[in-house]
Amino acid sequence: MAENLYFNKQASRESIYQEIYPQIKALISAEIDLIANMANMAAALKEAFDFFWVGFYLVKDGELVLGPFQGPIACTRIAFNRGVCGHCYTTGQTVLVPDVEAFPGHIACSSASKSEVVVPVFNTQKEIIAVLDVDSDTLDDFSETDARALEKLVALLS
């Protein structure tokens, strides 16, 4: 098992995603436990990019419930019809938010969060089982590069 990620810290974000993808794939491919794999994926993303907050909300009992994450404490439960995570769940699509203050119904789990990208996690039956939530303390920190790379990474979880 790998103990470290290896990547060029000075590389572009796109290059770092390309470097860490096979490492994350190898890390989680031998493990069947979803929670363990989510925990390692969140840790790898936090290490590679030093995002403010990286974590998963799992679909449980009609709402999104906090799962494995890296960063400060977070909201524990999110209704399907609330916030960026709820919007991602109800639309089934990745949501890029350049300024969380401008997103209608944004849930402020932390006032330090300024921008966000949320990606749905599907099982093999194409049902959403979770969302990956990544927050930055910088405005407009995420792009389509992040969205596509994170979608590719969470696909490893199905």
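What counts as what
- Residues numbered from 1 in each chain as written.
- Predicted model: local features only at pLDDT ≥ 70, side-chain atom pairs only at ≥ 80, totals over all residues.
- Heavy atoms only, no water.
- Helix = DSSP H or I, 4+ residues; strand = E, 2+ residues; numbered from the N terminus.
- Expected span 1.5 Å × (residues − 1).
- Bend = angle between axes of the 7 residues up to and from the residue.
- Buried < 20%, exposed > 50% of the residue type's maximum accessible area, 1.4 Å probe, protein only.
- Contact = heavy atoms within 4.5 Å.
- Salt bridge = Lys/Arg side-chain N within 4 Å of Asp/Glu carboxyl O.
- Axes fitted to C-alpha atoms, helices over the stretch in contact; angles between N-to-C directions.
- Parallel < 35°, antiparallel > 145°, perpendicular 65-115°, else oblique.
- Left-handed = near helix turned anticlockwise from the far one by under 90°.
- Core = buried A, V, L, I, M, F, W, Y, C linked by side-chain atoms within 4.5 Å.
- Disulfide = S-S within 2.5 Å.
- Polar contact = N/O pair within 3.5 Å; in protein donor to acceptor, adjacent residues only side chain to side chain.
- Pairing = 2+ DSSP bridges.

A. Summary view of helix α1 (residues 13-29). Over its 17 residues, α1 extends 24 Å from the first C-alpha to the last, a length consistent with the 24 Å expected when each residue adds 1.5 Å. Most pronounced at I20, the bend in α1 amounts to some 30 degrees, and the proline P22 follows within four residues. Every buried residue of α1 is accounted for by I16, Y17, I20, Y21, I24 and I28. Elements that come into contact with the buried residues of α1 comprise α2 (34-49) and α4 (144-155).

B. The arrangement of the pattern of salt bridges in detail. For the structure shown, the criterion picks out 6 salt bridges. Note that E151 is salt-bridged to R148, the shortest N-O span being 2.8 Å. Residue E151 and its partner R148 are both found in helix α4; the two are separated by 3 residues, about one turn of the helix. Given a relative accessible area of 42%, R148 falls into the partly exposed group.

C. Layout of the packing of α1 against α2. The contact between α1 and α2 brings their axes to 11 Å, and the two run at 155 degrees. The orientation of α1 with respect to α2, classified from their angle, is roughly antiparallel. The handedness of the crossing between α1 and α2 is right-handed. Contact residues: R13, I16, Y17, I20, I24, L27 and I28 in α1; N37, N40, M41, A44, L45, A48 and F49 in α2.

D. Layout of the nonpolar core. In this structure, I20, M41, L45, F56, L132 and L150 are the most contacted members of the largest nonpolar core, which totals 31 residues. Of all elements in the fold, only α1, α2, β1 (53-60), β5 (115-122), β6 (128-136) and α4 reach the threshold of two or more residues within this core. When residues of this core are assigned to their parent elements, the largest contribution, 7 residues, is made by α2. The next biggest cluster of nonpolar side chains, apart from the first, holds 18 residues, and it includes F80, V84, V95 and V97.

E. Examining the state of the cysteines more closely. According to the stated counting rule, one finds 1 disulfide in the structure shown. Residue C85 stays outside any disulfide, its sulfur separated by 7.1 Å from that of C88, the closest cysteine. On the accessibility criterion, C88 (0% relative accessible area) is buried.

F. Quick peek at the side chain of S113. With respect to the secondary-structure elements, S113 resides in the loop between β4 (95-97) and β5. A polar contact of 3.1 Å, which involves the side chain of S113, links it to the side chain of D135. Dropping the residues within four chain positions of it, S113 is found in contact with F52, V100, D135 and S136.

G. Quick peek at the sheet that holds β6. As summarised here, the arrangement of the 6 strands in space is β3-β2-β1-β6-β5-β4, forming an open sheet in which the pairing is antiparallel. Strands at the two margins of the open sheet, each flanked by one partner only, are β3 (77-79) and β4. Put simply, the sheet's adjacent strands are angled 25 degrees from each other on average, direction ignored. Pairing of β1 with strand β2 (residues 63-70) involves 6 bridges; the strand directions are antiparallel.

H. Representation of the environment of E116. Within the secondary structure layout, E116 lies in strand β5. For E116, a relative accessible area of 4% translates into the label buried. With residues near it in sequence (within four places) discarded, E116 still touches V84, C85, V95, L96, V97, V100, H106, D133, V134, D135 and F142.

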